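# An overview of the molecular structure
One-letter residues, chain by chain:
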Amino acid sequence: MDDLVAAAKAAGQTKVVVLGGTGVYYDALKELFFDPFTKETGIEIVLVSSGSYSEVAAKVRAMSEANAMEWDLIATTYDTVRSPAFADYVENLGDCSELPNVVSEGIDGSCLGTAVLWDAAGNGLAYDESAFPKGGMKSWADFWDVKAFPGPRALPNYGSPWYVLSAALLADGVEPKDVYPLEVDRAFKKLDEIKPHVVAWWTSGDQSQQLFRAKEVVAAMVWNSRAATLRKEGFPISFVWNGAMLDADARGITKGAPHKIAAKALLNYLYTRPKAAAEFEKRLNLALPHKHASNFLDANVASNLPTAPENWSKLVKSDAAWLAENRQKVIERWTVWISG
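First, a word on scope: everything that follows refers to the structure included in this document. (Residues numbered from 1 in each chain as written. Predicted model: local features only at pLDDT ≥ 70, side-chain atom pairs only at ≥ 80, totals over all residues. Heavy atoms only, no water.)

## Regarding the overall build of the protein chain
Secondary structure summary: the protein chain contains 15 helices and eight strands in total. In terms of C-alpha radius of gyration, the protein chain reaches 20 Å, essentially the compact-globule figure of 20 Å for 340 residues. When its C-alpha atoms are laid out on the principal axes, the protein chain stretches across 65 × 45 × 35 Å. For the protein chain, the proportion of its 340 residues judged to be buried stands at 54%. When the accessible surface of the protein chain is summed, it comes to about 14300 Å², and 51% of that surface belongs to carbon and sulfur atoms. When the 35 basic and 42 acidic side-chain charges of the protein chain are each reduced to a single mean position, those positions are 3 Å apart. (Helix = DSSP H or I, 4+ residues; strand = E, 2+ residues; numbered from the N terminus. Rg over C-alpha atoms; globule rule 2.2 N^0.38 Å. Buried < 20%, exposed > 50% of the residue type's maximum accessible area, 1.4 Å probe, protein only. Areas by Shrake-Rupley, 256 points an atom, 1.4 Å probe, with all protein chains shown as cover. Lys, Arg positive; Asp, Glu negative; His and termini not counted. Charge placed at Lys NZ, Arg CZ, Asp CG, Glu CD.)

## Let's talk about the side chain of Asp142
Positionally, Asp142 belongs in helix H6 (residues 140-144). For Asp142, the side chain forms a polar contact with the main-chain nitrogen of Lys138, separated by 2.8 Å. With near-sequence residues (within four places) excluded, Asp142 lies in contact with Met137, Phe149 and Arg153. (Polar contact = N/O pair within 3.5 Å; in protein donor to acceptor, adjacent residues only side chain to side chain. Contact = heavy atoms within 4.5 Å.)

## Observations regarding the pattern of salt bridges
All told, the structure shown has 17 salt bridges when counted by the stated rule. Between Glu98 and Lys264 there is a salt bridge whose closest N-O contact spans 3.0 Å. On the criterion of sequence distance, the pair formed by Glu98 in the loop between helix H4 (78-81) and helix H5 (100-105) and Lys264 in helix H11 (residues 260-270) is long-range, its members being 166 residues apart. By relative accessible area, Lys264 is classed as buried at 10%. A salt bridge links Asp172 to Arg186, with the nearest nitrogen and oxygen atoms 2.7 Å apart. Residue Asp172 is found in the loop between helix H7 (162-171) and helix H8 (184-194), and its partner Arg186 is found in helix H8; the two are separated by 14 residues along the sequence. (Salt bridge = Lys/Arg side-chain N within 4 Å of Asp/Glu carboxyl O.)

Written out as structure tokens, the structure reads:
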């Protein structure tokens, strides 16, 4: 038996309360990771859902400050979890020496100190091919061009507004390498142009997909994994890697987690199943940080992941140092702008 599993059971920790994941994403996690973990260890996974990433962060802070933490393991963004402000609300994992599988089986950078890396996606432009029979969009400039590409749009509002601000700057002619530091005034001025054409500000991946299924939008910023799922369902949705944002998920243990040892056991377990990781990647087109998962993938699947060289080179990566200094000001300005 794994040392962490044994320690969790000795402490009477027989469940892990996990926050995050809906729809096909959660179904895949449950089948490929959570159910096998429970079968092998006897530790139950209890999933809870709590809205957008920003709502999650707010609830984590509130529970932590009230000394009433209910959640053990949370999903948040790679950008958020590296924020000095957020570090006060999650366990410090240090170099992850307590999570030996993360160290030995994870790709470089899997241990983030305050969390572990989980899945990576491209957050980019997707459009409905049927809306543009003469040819679809190729850039964020096209997304902003409502005359050449008419129809309602959607953009995300889940606590990471810098992705939308980055798209606005790209649409305004900024080169990808020059997106950071963000020219915030310029970005909001460009956003003012597109705002009347945005009919939905989605807060979950499921919602972003439903907007396309219901033909409520012709184009949106979505995760490549969600666009790929829609295509598998038969919807003619194209995803544009040019100007997509690298958007990675991280898994952290809340400070004051009621089942902290069991949560560590689960984190450690997630890095032990390369075949399951490959199947997850195949189904959802999300890249997982398993060092050996690629051994079980065919070239066609690998080429549609954000980590494929031809896609990776087109991704816009956020600047952690700039975000650490400016995050709160950007979020506050975004909140005012979007509610105005």
